[in-house]
Amino acid sequence: MQLLTTSSLLADLYCANCGQTHTAFSRQTLSVCCQAPLLCSYNLTENNISKADLINRPASLWRYEAFLPVLHPENQVSLGEGFTPLLALKRLAAQHGLNRLTLKDEGLNPTGSFKARGLSLAISKAKENGERACIIPTAGNAGVATAAYCARAGLESVVVMPRHTPDAFKEECLAYNARLILVDGLINDCAAKVQELNQNGDYFDVSTLKEPYRLEGKKTMGYEIAEQLDWQLPDVIMYPTGGGTGLIGIWKAFRELQELGWLSPDQRLPRMVAVQAQECCPIVTTFDGKQPNCKQYVGKPTLANGLAVPRPIGEPLMLSVLSESGGTAIAVSEEEMVDGVRDLCRYEGIFAAPEGGAIWAATQKLVQQGWIQPDEHILLLSTGSGQKYMDNLKGKW
Ligand SMILES: *Cc1c(COP(=O)(O)O)cnc(C)c1O
Ligand SMILES: [Zn+2]
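Residues numbered from 1 in each chain as written. Chains lettered and ligands numbered in written order. Predicted model: local features only at pLDDT ≥ 70, side-chain atom pairs only at ≥ 80, totals over all residues. Heavy atoms only, no water.

Caption draft 1: Main features of the overall build of the protein chain. For the protein chain, the helix and strand inventory stands at 12 helices and 13 strands. The C-alpha atoms of the protein chain give a radius of gyration of 20 Å, which matches the 21 Å a tight globule of 397 residues would have. Projected onto its principal axes, the C-alpha positions of the protein chain cover 55 × 50 × 40 Å. Considering only residue pairs separated by 6 or more positions, the protein chain has 70% of its internal contacts joining residues 24 or more positions apart. Side-chain charges of the protein chain comprise 36 positive and 42 negative groups, with the mean position of each set lying 3 Å from the other. (Helix = DSSP H or I, 4+ residues; strand = E, 2+ residues; numbered from the N terminus. Rg over C-alpha atoms; globule rule 2.2 N^0.38 Å. Contact = heavy atoms within 4.5 Å. Lys, Arg positive; Asp, Glu negative; His and termini not counted. Charge placed at Lys NZ, Arg CZ, Asp CG, Glu CD.)

Structure below.
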């Protein structure tokens, strides 16, 4: 039941696999029809919101609240996430003969990564739906964000994390009073543990794409990129890919902006690039035709903890984004991503997570291969701060 006070244009949820619609106004997880992710749809054509209305909105992702699923503003659980800066990387661009290189610094979000965007939305909706406690399998950053936003909302949280994750992630979860459970293995092993702990459905499971709303938080990066560049999109977006919510979400945003009529009809959408670690690169392996899909893929740990997602449920959606956008998928080695982190530190003063180092390393490879032209506008989506990764990075300078 939709009350009249809502600021949201949310209409329905639809199944990512078969398109069947489902109500957005009760608790939803995966679609009942296909056990696939559910995506939000909005009444984008019957509204009178214009780009100019954004000017007086808050400098956070909530400036786009009409296009977000929270129905009542009092349920917005916020720590000031979003509206992160776009930084021109002039020194690195000059060194490498590139015309325009831009970095969106998601490390400046609450809890130090873009996971704040998704979890702000998911926990807001959990609050709106009257949930009491949330549970999450995580490679690190998503767990910290869940713990923080649950604390902010007054909900309990349970975080299940690989034992080898750097200590800073674990300590911060404990500081927010989360129940922390450590598992030997990667995030898929943590997901199995979550299933076991949540057999009775006592917790709201905020696993990547297993509820519809984290994606909507990540989508706001696409709105911001467009607005911050005065609606002139870059040619290429480099995205460090784990579960893929950012890749899928940014693309969803561009499609919504087209439907709103906020992009000029001749505006070409960016080519989206999925960057992974060689140690765990299921999407690259499928994209290259070396396996039918990632369902049997076995991954290893990587310094970029957020990229260690061997069997992402969003694989079909990611592959659609790569093909629709004319994008590609590429893997980098552990040494290459550390070199990338070092470059961003030394030449630009940005201490990115290894995931951010990976996309800079991948950019150089794609320029060398001629897949990116030096005169193109390249946007690096740097997803997190390096500060929590000290166990992985110390001694590497
Ligand atoms: C989680 C994470 C990623 C991967 O994001 P997905 O949405 O799962 O693809 C990349 N970088 C960092 C720093 C992360 O925490
Ligand atoms: Zn379906």
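What follows picks up the thread again.
Caption draft 2: Summary view of the coordination of the zinc ion (ligand 2). Around the zinc ion (ligand 2), the protein supplies Cys15 (SG), Cys18 (SG), Cys33 (SG) and Cys34 (SG) as donor atoms, at distances of 2.3 to 2.4 Å. A relative accessible area of 43% places Cys18 in the partly exposed class. With a relative accessible area of 29%, Cys34 lands in the partly exposed category. (Donors = N, O, S within 2.8 Å, 3.2 Å for Na, K, Ca; no water. Buried < 20%, exposed > 50% of the residue type's maximum accessible area, 1.4 Å probe, protein only.)

Caption draft 3: Layout of the pairing of strand S8 (residues 179-183). Across 5 bridges, the pairing between strand S7 (residues 156-162) and S8 is parallel. The residue bridging Val158 from the neighbouring strand is Arg179, located in S8. Handedness of the S7-helix H4 (residues 167-175)-S8 crossover: right-handed. (Pairing = 2+ DSSP bridges. Right-handed = clockwise from strand over helix to strand, strands pointing away.)

Caption draft 4: Structural context of the site of ligand 1. In the neighbourhood of ligand 1, 17 residues make up the surrounding shell, with Lys115, Gly243, Gly244, Thr245 and Thr383 lying closest. One of the side-chain nitrogen or oxygen atoms of Lys115 is found 2.8 Å away from an oxygen atom of ligand 1. Within the complex, 96% of the 380 Å² of free accessible area of ligand 1 lies under protein. Those elements that provide at least two residues to the shell around ligand 1 are strand S10 (236-240) and helix H7 (245-260). Classifying every residue of the shell around ligand 1 gives 4 nonpolar, 10 polar and 3 charged. (Near = heavy atom within 4 Å. Polar contact = N/O pair within 3.5 Å; in protein donor to acceptor, adjacent residues only side chain to side chain. Areas by Shrake-Rupley, 256 points an atom, 1.4 Å probe, with all protein chains shown as cover. Nonpolar A, V, L, I, M, F, W, Y, C, P; charged D, E, K, R; others polar.)

Caption draft 5: Main features of the sheet that holds strand S1 (residues 10-15). Read from one edge of the open sheet, 3 strands run S2-S1-S3, paired in antiparallel fashion. Strands with a single pairing partner mark the edges of an open sheet, and in this sheet they are strand S2 (21-22) and strand S3 (38-42). As judged from the 5 bridges shared by S1 and S3, these two strands associate in the antiparallel manner. From the neighbouring strand, Leu10 faces S3, where its bridge partner is Tyr42.

Caption draft 6: Representation of the packing of helix H2 (residues 115-128) against helix H3 (residues 141-153) within the structure. Orientation of H2 relative to H3, taken along the N-to-C sense of each, is 40 degrees, at an axis distance of 9 Å. What the angle tells us is that H2 and H3 run oblique. For the pair H2 and H3, the crossing hand works out as right-handed. Each of Lys115, Ala116, Leu119, Ser120, Ile123 and Lys127 in H2 lies in contact with H3, whose residues at this interface are Asn141, Ala142, Ala145, Thr146, Tyr149, Cys150 and Ala153. Classifying every residue of the contact of H2 with H3 gives 8 nonpolar, 3 polar and 2 charged. (Axes fitted to C-alpha atoms, helices over the stretch in contact; angles between N-to-C directions. Parallel < 35°, antiparallel > 145°, perpendicular 65-115°, else oblique. Left-handed = near helix turned anticlockwise from the far one by under 90°.)

Caption draft 7: View of the side chain of Lys388. Looking at the element boundaries, Lys388 is found in the loop between strand S13 (377-382) and helix H12 (390-393). A distance of 3.0 Å separates the side chain of Lys388 from the backbone oxygen of Thr111, its partner in a polar contact. What Lys388 contacts, discounting residues up to four positions off in sequence, is Thr111, Gly112, Asn141, Val144, Pro166, Ala168, Phe169 and Glu172.

Caption draft 8: A look at the packing of aromatic side chains. Applying the stated rule across the entire model yields 8 aromatic pairs. Measuring from ring centre to ring centre gives 5.2 Å for Tyr64 and Tyr223, while their planes differ by 45 degrees; the resulting arrangement is tilted. With Tyr64 in the loop between S3 and strand S4 (86-88) and Tyr223 in helix H6 (residues 214-228), this residue pair connects regions lying 159 residues apart in the sequence. Here the aromatic rings of Trp251 and Phe254 are separated by 6.4 Å at their centres, their planes lie at 75 degrees, and the arrangement is edge-to-face. Of this pair, Trp251 and Phe254 both sit in helix H7, 3 residues apart, roughly one helical turn. One aromatic cluster in this structure is built from Tyr64, Phe67, Tyr223, Trp231 and Trp262. The ring of Tyr64 carries Arg63 above its face, with NZ or CZ at 5.8 Å from the centroid. (Phe/Tyr/Trp six-rings, centres within 6.5 Å; stacked < 30°, edge-to-face > 60°. Lys NZ or Arg CZ within 6 Å of the ring centre and 35° of its normal.)

Caption draft 9: Representation of the nonpolar core within the structure. Counting residues in each nonpolar core, the largest one holds 56 residues, and the members touching the most others are Phe67, Phe254 and Leu257. Per-element accounting of this core gives the leading share, 8 residues, to H7. Setting aside anything within four residues of it in sequence, one finds Phe67 in contact with Leu9, Tyr42, Leu44, Ile49, Glu216, Lys219, Tyr223, Leu260 and Trp262. Leu103, Val273, Val338 and Ala358 belong to the second largest nonpolar core, which has 30 residues in total. (Core = buried A, V, L, I, M, F, W, Y, C linked by side-chain atoms within 4.5 Å.)

Caption draft 10: Main features of unusual backbone geometry. Located in the positive-phi region is Phe83, a residue other than glycine, with phi close to 50 degrees. Inspection of the secondary structure assignment puts Phe83 in the loop between S3 and S4.

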